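Structural characterization, general
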Amino acid sequence: MGGPTRMRIVFVGPPGAGKGTQSLRLLNYLQIPHISTGDMLRRAIAEHTPSGRIAEQYMNKGLLVPDDLMLTMVSQRLDLPDCEDGALFDGFPRTVPQAEALTAMLDQRGTPLDMVIELRVPDAEVIRRMMARGRSDDREEIVAERIRAYWNQTRPLLDFYEHRGIVESVEGLGTPDEVFNRIKRVLAQPKQCRQS
Ligand code: AMP
């Protein structure tokens, strides 16, 4: 594929669904900038910025960082010129207020979202994968908290976007190649085209 597709995609999935692996493939495939708020926050923490210091207190507990901090961070990121080429939002939005704010930010820039890809993995499998990754009991608690945050705060996003008819659910079980092939399939033929 030559050049960026200029697509704007939100990638949603529970922790441990394989979002990291798949988002790298997707970025490579679509040639669009990666807006990963988790990466941005980890960088802010490593650089000891004021935002990093605040974010760290939440992240250490597996809790979501407050919306206002996230929105400032993303809005500044969207103002960089590379975002004209499209964007893969990875780990953002994480709450309905963030999704509403993202809609406003993108409308203002005249660049609405094209698609929301939900990576679906059964709960029991998410827990199994996360436990296999984790080590101490302390980490297990944090993992459980992150899964809770996903179900309570992030999952409702899908209803928000479902109303707009742009959600594509992709089965997250199988090899990375199998999952990526499913993603390519929905990109090639989005729901909106299938219905019409
Ligand atoms: P991630 O790498 O996307 O799993 O993010 C790691 C952690 O960063 C999360 O568990 C949250 O504490 C925090 N975080 C990342 N993105 C967001 C966001 N959009 N809103 C709130 N907290 C976030």
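Let me begin by describing the structure that accompanies this report. Because the structure is a prediction, the values reported are computed rather than measured.

Glancing now at the pairing of strand β1 (residues 8–12). Put simply, side chains in a regular strand alternate between the two faces of the sheet. Burial of β1 is extensive: five of the five residues sit out of reach of the surface. Side chains R8, V10 and V12 project from β1 onto one buried face, and the interleaved I9 and F11 project onto a second face that is buried too. With four bridges joining them, β1 and strand β3 (residues 87–90) adopt parallel strand pairing. Note that in β3 the partner of V10 across the bridge is F89. Relative to strand β4 (residues 115–120), β1 runs parallel, the two sharing four bridges. Directly across from F11, in β4, lies its bridge partner I117.

In contact at an axis separation of 11 Å, helix α2 (residues 37–46) and helix α4 (residues 67–78) are set at 100° when each is read in the N-to-C sense. With respect to their mutual orientation, α2 and α4 come out roughly perpendicular. Between α2, through T37, M40, L41 and A44, and α4, the contact on the second element is made entirely by L69, M70, M73, V74 and R77. A class-by-class count of the residues in the contact of α2 with α4 yields seven nonpolar, one polar and one charged.

This part covers the site of the ligand. Around the ligand, the structure places 14 residues, and the nearest of them are T37, L63, G91, Q98 and R146. R94 has a polar side-chain atom sitting 3.1 Å from an oxygen atom of the ligand. The element best represented in the shell around the ligand is α2, accounting for four residues. In terms of residue class, the shell around the ligand is built from seven nonpolar, four polar and three charged.

Following the sequence through the fold, D39 ends up in helix α2. Spatially, the C-alpha atom of D39 lies 25 Å from that of Q108, the residues being 69 residues apart in sequence.

Moving on: the packing of α4 against helix α5 (residues 96–108). The interhelical angle for the contact between α4 and α5, taken along N-to-C directions, is 25°, at an axis separation of 11 Å. For the element pair α4 / α5, the angle class is roughly parallel. At the point where α4 passes α5, the crossing takes the right-handed sense. Counting all contacts with α4, which are made through D67, M70, L71, V74, S75 and L78, the residues of α5 involved are P97, Q98, A101, L102, M105 and L106.

A few words now on the packing of aromatic side chains. Applying the stated criterion across every chain, the model contains four aromatic pairs. Look at F89 and F92: their rings are 6.5 Å apart centre to centre, the planes differ by 45°, and that puts the pair in the tilted class. Residue class for F89 comes out buried when judged on its relative accessible area of 0%. According to the relative accessible area criterion, F92 is buried, its value standing at 0%. Between F160 and Y161, the ring centres sit 5.0 Å apart and the planes meet at 80°, which makes this aromatic pair edge-to-face. Just as F160 is buried, Y161 falls in that class too.

Bringing unusual backbone geometry into the picture now. The peptide bond linking F92 to P93 adopts the cis configuration, its omega dihedral lying at -5°. Among the secondary structure elements, P93 is positioned in the loop between β3 and α5. One non-glycine residue, R6, adopts positive backbone phi at about 65°. You can see R6 is positioned in the segment before β1. A positive phi angle, close to 55°, is found at Q31, a residue other than glycine. Position of Q31 among the secondary structure elements: in the loop between α1 (19–30) and β2 (34–36).

Thresholds applied
- Residues numbered from 1 in each chain as written.
- Predicted model: local features only at pLDDT ≥ 70, side-chain atom pairs only at ≥ 80, totals over all residues.
- Heavy atoms only, no water.
- Buried < 20%, exposed > 50% of the residue type's maximum accessible area, 1.4 Å probe, protein only.
- Helix = DSSP H or I, 4+ residues; strand = E, 2+ residues; numbered from the N terminus.
- Pairing = 2+ DSSP bridges.
- Axes fitted to C-alpha atoms, helices over the stretch in contact; angles between N-to-C directions.
- Parallel < 35°, antiparallel > 145°, perpendicular 65-115°, else oblique.
- Contact = heavy atoms within 4.5 Å.
- Nonpolar A, V, L, I, M, F, W, Y, C, P; charged D, E, K, R; others polar.
- Near = heavy atom within 4 Å.
- Polar contact = N/O pair within 3.5 Å; in protein donor to acceptor, adjacent residues only side chain to side chain.
- Left-handed = near helix turned anticlockwise from the far one by under 90°.
- Phe/Tyr/Trp six-rings, centres within 6.5 Å; stacked < 30°, edge-to-face > 60°.

These results come straight from atomic positions and should not be treated as a statement about function.
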